[in-house]
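Secondary and tertiary structure notes
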Amino acid sequence: MMLSCREASRLISDAMDRKLSRHEQLSLQFHLLLCRNCRHFRQQMATLRAGIREGRQR
């Protein structure tokens, strides 16, 4: 069964704090192949995280 966007966004957020299980990783990757909005959300989260890291290094 495919993840909903809500479940995918939760996993995208979770992946920033912990290592996802193999099942979670595969489910998320499959969802991201099909969902442009969640791919965009993942990119936004990565950009935000990079900005926070950069700000901490100053």
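Naming follows an unreviewed UniProt entry, where the protein appears as Zf-HC2 domain-containing protein of Vogesella margarita.

This part takes up the overall build of the protein. Within the protein one finds three helices and zero strands. Of the regular secondary structure in the protein, the N- to C-terminal order runs α-α-α. If one aligns the C-alpha atoms of the protein with their principal axes, the spans along those axes are about 45 × 25 × 15 Å. Counting the 58 residues in the protein, one finds 22% classified as buried. Across the protein, contacts joining residues at least 24 apart in sequence account for 52% of those joining residues at least 6 apart. If you sum the accessible surface of the protein, you get close to 4800 Å²; carbon and sulfur atoms cover 54% of it. Taking the average place of the 12 positive charges on the side chains of the protein and the average place of its 5 negative ones, the gap between the two points comes to 5 Å.

This structure, assessed with the given rule, holds three salt bridges. Between Asp14 and Arg10 there is a salt bridge, with its nearest N and O atoms 2.9 Å apart. Here the residue Asp14 and the residue Arg10 both occupy positions in helix α1 (residues 5-14), the gap between them amounting to four residues, near one helical turn. Judged by relative accessible area, which is 43%, Arg10 ranks as partly exposed. A salt bridge links Arg18 to Asp14; the shortest N-O distance between them is 3.4 Å. A single salt-bridge network, built from bridges that share partners, covers Arg10, Asp14, Arg18 and Glu24.

About the thresholds
Every chain's residues receive numbers from 1 upward, in the order its sequence appears when written. Confidence filtering applies because this is a predicted model: local features only for residues at pLDDT of at least 70, side-chain atom pairs given and counted only at 80 or more, and all residues used for totals across whole chains, interfaces and linings. Note that water and hydrogens are dropped before the side-chain values are worked out from all heavy atoms of the structure. Put simply, DSSP marks the helices as runs of H or I at least four residues long and the strands as runs of E at least two long, and each gets a number from the N terminus on. Partly exposed describes any residue whose relative accessible area lies between the buried limit of under 20% and the exposed limit of over 50%, with all areas from a 1.4 Å probe on protein chains only and scaled to the type maximum. Every residue pair with non-hydrogen atoms within 4.5 Å of one another is taken to be in contact. In these tables, accessible area is a Shrake-Rupley quantity obtained with a 1.4 Å probe, and a residue counts as shielded only by the protein chains included in the view. A residue counts as positive if it is Lys or Arg and as negative if it is Asp or Glu; His and the chain ends are not included. Every charge is mapped onto a representative atom, which is NZ of Lys, CZ of Arg, CG of Asp or CD of Glu. The term salt bridge refers to a side-chain nitrogen of Lys or Arg lying within 4 Å of a carboxyl oxygen of Asp or Glu.

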